[in-house]
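So you can see what is in the structure, the chains are spelled out below.
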Amino acid sequence: IALAHTNGDVADFGNKVTIETVSKLLYNQPIDGYVSLNMDSIPAINNLAGGVTVTIEDDFSASDKSLKKGETVKLSDEQAYHYVHDRQNVADGTNVNRMKRQTMYLSNLKDILLGKFKENGSFINQAYDSLEKYMSTDLTPRMMSRIALNLTKYEEVNAPVLTGKNSMGEFGFIEF
């Protein structure tokens, strides 16, 4: 999926290729809408949440000295960017650790944002306005509001975990 999006070049074409890839992976299930945010949106997303609390499990000393291993912190917008985005100067420099951090961050973020939406149904409009300059989507704020309302009713299940081995590939990329 990431490769499809990356090789799509332009945001809208990358989204089109990603939609096609996801649809094929789901046995041609139609994809009714998409939202794509770039990494520059991380501070704005964190700001909408009022900060996200995480435990720092990696060594960020080369990237952000304020993120100290072992501490539990409510991330500032700048810290959130480093926590979610940084890879090469953190821990072993692979994407494996970054994906673990992103999963933790997104899990905590989801709870905060769904809570804000439950408190104020128009919160989605504030989120849309705050993120619009970082976003590529074919959804309207009204459509997003309906999706958010449905999300408040769903029971969360654990995502499947793939077992395997990461190794350096022939062209300098990590392979699974």
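Residues numbered from 1 in each chain as written. Predicted model: local features only at pLDDT ≥ 70, side-chain atom pairs only at ≥ 80, totals over all residues. Heavy atoms only, no water.

1. Some words on the overall build of the protein chain
(1) Moving on: The secondary structure content of the protein chain amounts to seven helices and six strands.
(2) Moving on: Taken from the N to the C terminus, the helices and strands of the protein chain come in the order α-α-β-α-β-β-α-α-α-β-α-β-β.
(3) Moving on: Computed over its C-alpha atoms, the radius of gyration of the protein chain comes to 17 Å, within 12% of the 16 Å expected for a compact globule of 176 residues.
(4) Moving on: Along the first, second and third principal axes, the C-alpha atoms of the protein chain reach 40 × 35 × 30 Å.
(5) Moving on: For the protein chain, with 176 residues in total, the buried portion stands at 31%.
(6) Moving on: Contacts in the protein chain between residues far apart in sequence, at least 24 positions, make up 50% of those at least 6 positions apart. (Helix = DSSP H or I, 4+ residues; strand = E, 2+ residues; numbered from the N terminus. Rg over C-alpha atoms; globule rule 2.2 N^0.38 Å. Buried < 20%, exposed > 50% of the residue type's maximum accessible area, 1.4 Å probe, protein only. Contact = heavy atoms within 4.5 Å.)

2. Here we look at the environment of Val-84
(1) Moving on: The topology assignment puts Val-84 in helix 4 (residues 77–85).
(2) Moving on: For Val-84, a relative accessible area of 9% corresponds to the buried category.
(3) Moving on: The sequence separation of Val-84 and Leu-48 amounts to 36 residues, and the corresponding C-alpha distance is 16 Å.
(4) Moving on: If we ignore the near neighbours within four places in the chain, the residues touching Val-84 are Met-39, Ile-42, Arg-98, Gln-102 and Tyr-105.

3. Considerations on the pattern of salt bridges
(1) Moving on: Using the criterion set out here, one finds four salt bridges in the structure.
(2) Moving on: A salt bridge links Arg-101 to Asp-58; its shortest N-O distance comes to 2.8 Å. Here Arg-101 is found in helix 5 (residues 95–119), whereas its partner Asp-58 is found in the loop between strand 2 (53–55) and strand 3 (72–74), with 43 residues between them in sequence.
(3) Moving on: Given the relative accessible area of 4%, Arg-101 is considered buried.
(4) Moving on: With a shortest N-O distance of 2.8 Å, Asp-111 and Lys-110 are connected by a salt bridge.
(5) Moving on: One network of salt bridges, in which partners are shared, links Lys-110, Asp-111 and Glu-156. (Salt bridge = Lys/Arg side-chain N within 4 Å of Asp/Glu carboxyl O.)

4. Here we look at the nonpolar core
(1) Moving on: Within the largest apolar cluster, 22 residues are counted, with the highest numbers of intra-cluster contacts made by Val-54, Ile-56, Leu-67, Leu-75, Tyr-83 and Tyr-105.
(2) Moving on: Top element by residues in this core is helix 3 (residues 42–49). It accounts for five residues.
(3) Moving on: In this structure, Leu-75 is in contact with Asn-46, Gly-51, Val-52, Val-54, Leu-67, Ala-80, Tyr-83 and Tyr-105, ignoring residues within four places of it in sequence.
(4) Moving on: Core analysis: the next-biggest nonpolar cluster, separate from the first, contains seven residues, Tyr-128, Met-135, Leu-139 and Ala-148 among them. (Core = buried A, V, L, I, M, F, W, Y, C linked by side-chain atoms within 4.5 Å.)

5. A closer look at the packing of aromatic side chains
(1) Moving on: Enumeration over the complete set of coordinates arrives at one aromatic pair.
(2) Moving on: Note on Phe-60 and Tyr-83: the rings are 6.0 Å apart at their centroids and 15° apart in plane angle, and the pair reads as stacked. Of this pair, Phe-60 sits in the loop between strand 2 and strand 3 while Tyr-83 sits in helix 4, placing them 23 residues apart in sequence. An identical accessibility class is assigned to Phe-60 and Tyr-83; each is buried. (Phe/Tyr/Trp six-rings, centres within 6.5 Å; stacked < 30°, edge-to-face > 60°.)

6. Some words on the side chain of Gln-79
(1) Moving on: Locating Gln-79 in the fold gives a position in helix 4.
(2) Moving on: Using a relative accessible area of 13% as the deciding quantity, one classes Gln-79 as buried.
(3) Moving on: A distance of 3.0 Å separates the side chain of Gln-79 from the side chain of Ser-66, its partner in a polar contact.
(4) Moving on: In this structure Gln-79 touches Asp-64, Ser-66, Leu-67 and Lys-74, once residues within four positions along its chain are discounted. (Polar contact = N/O pair within 3.5 Å; in protein donor to acceptor, adjacent residues only side chain to side chain.)

Taken by themselves, the reported measurements are silent on function.
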